[in-house]
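Next come the chains, spelled out residue by residue.
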Amino acid sequence: MCGIAGYCGQGVEAGKAAALLRRMTAAIAYRGPDDGGIHIAGEAGLGHRRLAIVGITDGQQPMQTEDGSLCISFNGEIFNHLELREALAAKGHVFRTGSDTEVILHLYQEMGPDCVTRLNGDFAFALWDAPRKRMMLARDRMGVRPLFHTWHGGTLYFASEVKALLAVPGIEAEIDPIALDQIFTLWAPIAPRSVFKGISELPPAH
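A brief structural summary. Predicted, not measured: the structure shown is a model, and the values here were computed from it.

Attention shifts here to the overall build of the protein chain. Summing up its helical and strand segments, the protein chain has 5 helices and 10 strands in all. Against the 2.2 N^0.38 benchmark of 17 Å for 206 residues, the protein chain shows a C-alpha radius of gyration of 17 Å, consistent with a compact globule. With respect to the three principal axes, the spread of C-alpha positions in the protein chain is 55 × 40 × 30 Å. Counting over 206 residues, the protein chain shows a buried share of 51%. Contacts spanning at least 24 positions in sequence make up 54% of the contacts within the protein chain whose residues lie at least 6 apart. Accessible surface for the protein chain amounts to roughly 9,700 Å². Of this, 56% is attributable to carbon and sulfur atoms. Mean positive and mean negative side-chain charge positions of the protein chain (19 and 23 charges, respectively) differ by 3 Å.

This part covers the side chain of Ser99. You can see Ser99 is positioned in the loop between helix H2 (81-90) and helix H3 (100-111). Overall, Ser99 belongs to the buried group, its relative accessible area being 1%. One polar contact links the side chain of Ser99 to the main-chain amide nitrogen of Thr101, over a distance of 2.9 Å.

Moving on, we come to the environment of Pro113. In this structure, Pro113 sits in the loop between H3 and strand S6 (121-129). Sequence separation of Pro113 and Ala138 is 25 residues, and the distance between their C-alpha atoms is 9.0 Å. Leaving out residues up to four positions away in the same chain, Pro113 has contacts with Tyr108, Arg134 and Met136.

On to the pairing of strand S9 (residues 155-159), then. Of all 5 residues that make up S9, 5 are buried, and the element is covered over most of its length. Residues of S9 alternate between two faces, with Thr155, Tyr157 and Ala159 on one and Leu156 and Phe158 on the opposite face, all of them buried. In the sheet, strand S1 (residues 3-8) pairs with S9 via 4 bridges, with the strands oriented antiparallel. Looking at the pairing, Gly6 lines up with Phe158 of S9. Bridging between strand S8 (residues 148-152) and S9 involves 5 bridges; their strand directions are antiparallel. Residue pairing in the sheet places Thr150 in a bridge with Tyr157 of S9. Once S8 ends, the chain turns through 2 residues before running back antiparallel as S9, passing Gly153 with a positive phi of about 60 degrees.

Between Gln61 and Pro62 the backbone carries a cis peptide bond, its omega angle lying at -5 degrees. Tracing the backbone through its elements, the reader meets Pro62 in the loop between strand S3 (44-50) and strand S4 (63-64). The linkage connecting Ala191 with the following residue, Pro192, adopts the cis geometry, with an omega of 15 degrees. Inspection of the secondary structure assignment puts Pro192 in the loop between helix H5 (177-186) and strand S10 (200-201). In this structure, Lys133 is a non-glycine residue whose phi angle is positive, near 50 degrees. Mapped onto the elements, Lys133 comes out in the loop between S6 and strand S7 (134-139). Taking relative accessible area as the criterion, Lys133 reaches 55% and is therefore assigned exposed.

Quick notes on the rules
- Residues numbered from 1 in each chain as written.
- Predicted model: local features only at pLDDT ≥ 70, side-chain atom pairs only at ≥ 80, totals over all residues.
- Heavy atoms only, no water.
- Helix = DSSP H or I, 4+ residues; strand = E, 2+ residues; numbered from the N terminus.
- Rg over C-alpha atoms; globule rule 2.2 N^0.38 Å.
- Buried < 20%, exposed > 50% of the residue type's maximum accessible area, 1.4 Å probe, protein only.
- Contact = heavy atoms within 4.5 Å.
- Areas by Shrake-Rupley, 256 points an atom, 1.4 Å probe, with all protein chains shown as cover.
- Lys, Arg positive; Asp, Glu negative; His and termini not counted.
- Charge placed at Lys NZ, Arg CZ, Asp CG, Glu CD.
- Polar contact = N/O pair within 3.5 Å; in protein donor to acceptor, adjacent residues only side chain to side chain.
- Pairing = 2+ DSSP bridges.

These values are about where atoms sit, not about what they do.
In structure tokens form, the structure reads like this:
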């Protein structure tokens, strides 16, 4: 269980970006007691709290490609990462770590957003593609790993838990009455709706 958080947009002042990411990741620090990190690149920022399982000594996140063009914050486990690593290495990809996180970066280099079709595992991740100025959010097919997002002040904010989004100034915890009705009827809100108005949950397999 790791924690991811971040933003994409022009609404975060450069001088306040690091402090914002630290507040967001601090709100979910218990999800990743082993390590934490942030990455800021222009209009995008990624934060991470890590529980080390795969690539224990060399899997620090957010993780970048060697040229710095891609950066990822990843929560989960890729069960077929060894097979994917072998196939990618055969195509000339060079790996610097033993982490399944790095496999996702190389697979994205090879396939773009379609990389998720090759992933077997439980995962949620945010991947910043700097050359294309694209922030990709993805969630596993069964929705085992959570990922929430909201727009505020023209900026997209996202995190593993809503409490990290509530660390952003101006984002308030207001109950969504429709979601409340779904909870009373179905035991849980139906994604993309969350219990909080204006905050959405990325549906499984999206």
